[in-house]
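These are the residues of each chain, in order.
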Amino acid sequence: MKEITDILKAYIKAEQENKRSALATVVKVEGSSYRRPGARMLVTEDGLLTGAISGGCLEGDALKKALSAIHQQQKKLVTYDTTDEDDAKFGVQLGCNGIVYILFEPINSKEVNNPIDILKALAAERERAVLVTLFSTDHQQQLGTSMLYRRAKISSIVSDQISQQLTEQAQQVLLNQTSRFEPLKVDELPYEAFYEYTSPPIALIIAGAGNDVQPLVQMADVLGWEVTVVDGRPTHATAQRFPNANRVLIAKPNDLLDKVEIDEQTAFALMTHNYNYDTALLNLLLNTNAPYIGTLGPKKKLIKMLEELNLNTEENQNRVHGPIGLDIGAETAEEIAISIIAEIKAFFAGAGAASLKNKKNSIHTHQIN
């Protein structure tokens, strides 16, 4: 979601400066590639790039293709076959041993539900959704970013009949929480529908406003997470101390839950260094559906808190991540922040947080069917 947020900001700036732009989207990958389907990049007519569709090797050629799409006002699908050892003919020197399909869509702000409108609608709500992109490798007519599906609302550029077909598949994607590809015919022409499952950014709520929280807030902001810092001390919980936080609150534990919303992408990090505050907040959180709760400090501290609350069960010990973070040998506040960020990311991604060199399958196999 961070990439989409950056693209939307760049587009608004381009519009203010009367610059035309195009959206480049990785719609399909066969074999190995640095980025996977759903990676996006905005290109303005003066050559400014926001986002990424590769590790940097594709962007130069993609810029030319995007400028062509802007000037011709025509959607284009470009294939980069990096399985060919003579990939120098593309002028990109990829060496990724895969085939990458990239769709270029010029943005016309006057068109209802243009790709940017659909991305804006996606970013406006903290709700799981499915983006549908229609493309074809068999003919030149590309439909592009075609639908945003949510349970309560649908934004679409295709006919009601096609929308109904897309909706039926999107419902399954939303249920399974896994992106997929399906064939589809529109006006008797063959297309592939890329159903892209999306979830809202992680909402990180940090209890504590000490100096060790500052690097954690900065790193979470870089990832595009929605960060809330809360503390009972007005001298510590200030926007000046945490300029990268979305919200800074002054609240006691009993008041906090009334000020925040908890959903399936919410993580709590208890870092106040105040035993009584952390204990009181932990007691409240264990009665919520918060999927991730982490406590700073040794395991014995967590056990002591649970014992005082008469909640020291194996289930609660397993539910709470205490000590918070992955074991990376962290010592400094910055290193501890990396450890915490990595564990939270792995938790919500359902990843094992093991070394990639020991992974037997492809890195991305769990994401798309």
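Each remark here, short or long, concerns the structure printed above.
All values derive from a computational prediction rather than experimental measurement. (Residues numbered from 1 in each chain as written. Predicted model: local features only at pLDDT ≥ 70, side-chain atom pairs only at ≥ 80, totals over all residues. Heavy atoms only, no water.)

When you go through the protein chain residue by residue, the secondary structure sums to 10 helices and 16 strands. In terms of C-alpha radius of gyration, the protein chain reaches 23 Å, essentially the compact-globule figure of 21 Å for 369 residues. Seen through its C-alpha atoms, the protein chain measures out along the principal axes to roughly 70 × 45 × 40 Å. Sorting the 369 residues of the protein chain into buried and exposed places 46% on the buried side. Summed over its atoms, the accessible surface of the protein chain is roughly 18,200 Å², and 46% of this surface lies on carbon and sulfur atoms. Looking at charge distribution, the protein chain has the averaged site of its 37 positive side-chain charges lying 2 Å from that of its 46 negative ones. (Helix = DSSP H or I, 4+ residues; strand = E, 2+ residues; numbered from the N terminus. Rg over C-alpha atoms; globule rule 2.2 N^0.38 Å. Buried < 20%, exposed > 50% of the residue type's maximum accessible area, 1.4 Å probe, protein only. Areas by Shrake-Rupley, 256 points an atom, 1.4 Å probe, with all protein chains shown as cover. Lys, Arg positive; Asp, Glu negative; His and termini not counted. Charge placed at Lys NZ, Arg CZ, Asp CG, Glu CD.)

This part is about helix α3 (residues 115-123). When α3 is considered as a whole, its buried residues turn out to be Pro 115, Ile 116, Ile 118, Leu 119 and Leu 122. The buried residues of α3 occupy an angular sector of 160 degrees when the element is viewed end-on, so they sit on one face. (Arc of directions from axis to C-beta.)

Counting buried residues along strand β2 (residues 40-44), 5 of its 5 residues qualify, which places the element largely inside the surrounding structure. As paired elements, strand β1 (residues 21-31) and β2 share 5 bridges and run antiparallel to each other. Each bridged residue has a counterpart across the sheet, and for Ala 22 the counterpart in β2 is Val 43. Connecting the antiparallel pair β2 and strand β3 (residues 49-51) is a turn made up of 4 residues, with Gly 47 showing a positive phi of about 90 degrees. (Pairing = 2+ DSSP bridges.)

A side chain of one charge can pair with a side chain of the opposite charge when the charged atoms of the two come close. The tally for this structure, following the rule as stated, stands at 17 salt bridges. Close ionic contact of Asp 46 with Lys 19 constitutes a salt bridge, the shortest N to O distance being 2.7 Å. A residue pair is termed long-range when its members are at least 10 positions apart, and Asp 46 in the loop between β2 and β3 and Lys 19 in the loop between α1 (2-16) and β1 qualify at 27 residues. A residue is classified by how much of its surface remains accessible, and Lys 19, at 23% relative accessible area, is partly exposed. Across the pair Glu 226 and Arg 126 runs a salt bridge whose closest N-O atoms are separated by 3.3 Å. (Salt bridge = Lys/Arg side-chain N within 4 Å of Asp/Glu carboxyl O.)

Turning to the side chain of Thr 145, a few remarks are in order. Relative to the helices and strands, Thr 145 resides in strand β7 (residues 144-149). Since its relative accessible area comes to 4%, Thr 145 is described here as buried. For Thr 145, the side chain forms a polar contact with the side chain of Glu 105, separated by 2.8 Å. In this structure, Thr 145 is in contact with Glu 105, Pro 115, Ile 118, Val 132, Thr 133 and Ile 157, ignoring residues within four places of it in sequence. (Polar contact = N/O pair within 3.5 Å; in protein donor to acceptor, adjacent residues only side chain to side chain. Contact = heavy atoms within 4.5 Å.)

Take the sheet that holds strand β13 (residues 247-250) next. The strand order across the open sheet formed by 6 strands is β13-β12-β11-β14-β15-β16, and the pairing between neighbours is parallel. Each having just a single partner strand, β13 and β16 (320-321) make up the two edges of the open sheet. With 4 bridges joining them, strand β14 (residues 266-270) and strand β15 (residues 292-295) adopt parallel strand pairing. Residue Phe 268 lies in a different strand from β15, and its bridge partner there is Ile 293.

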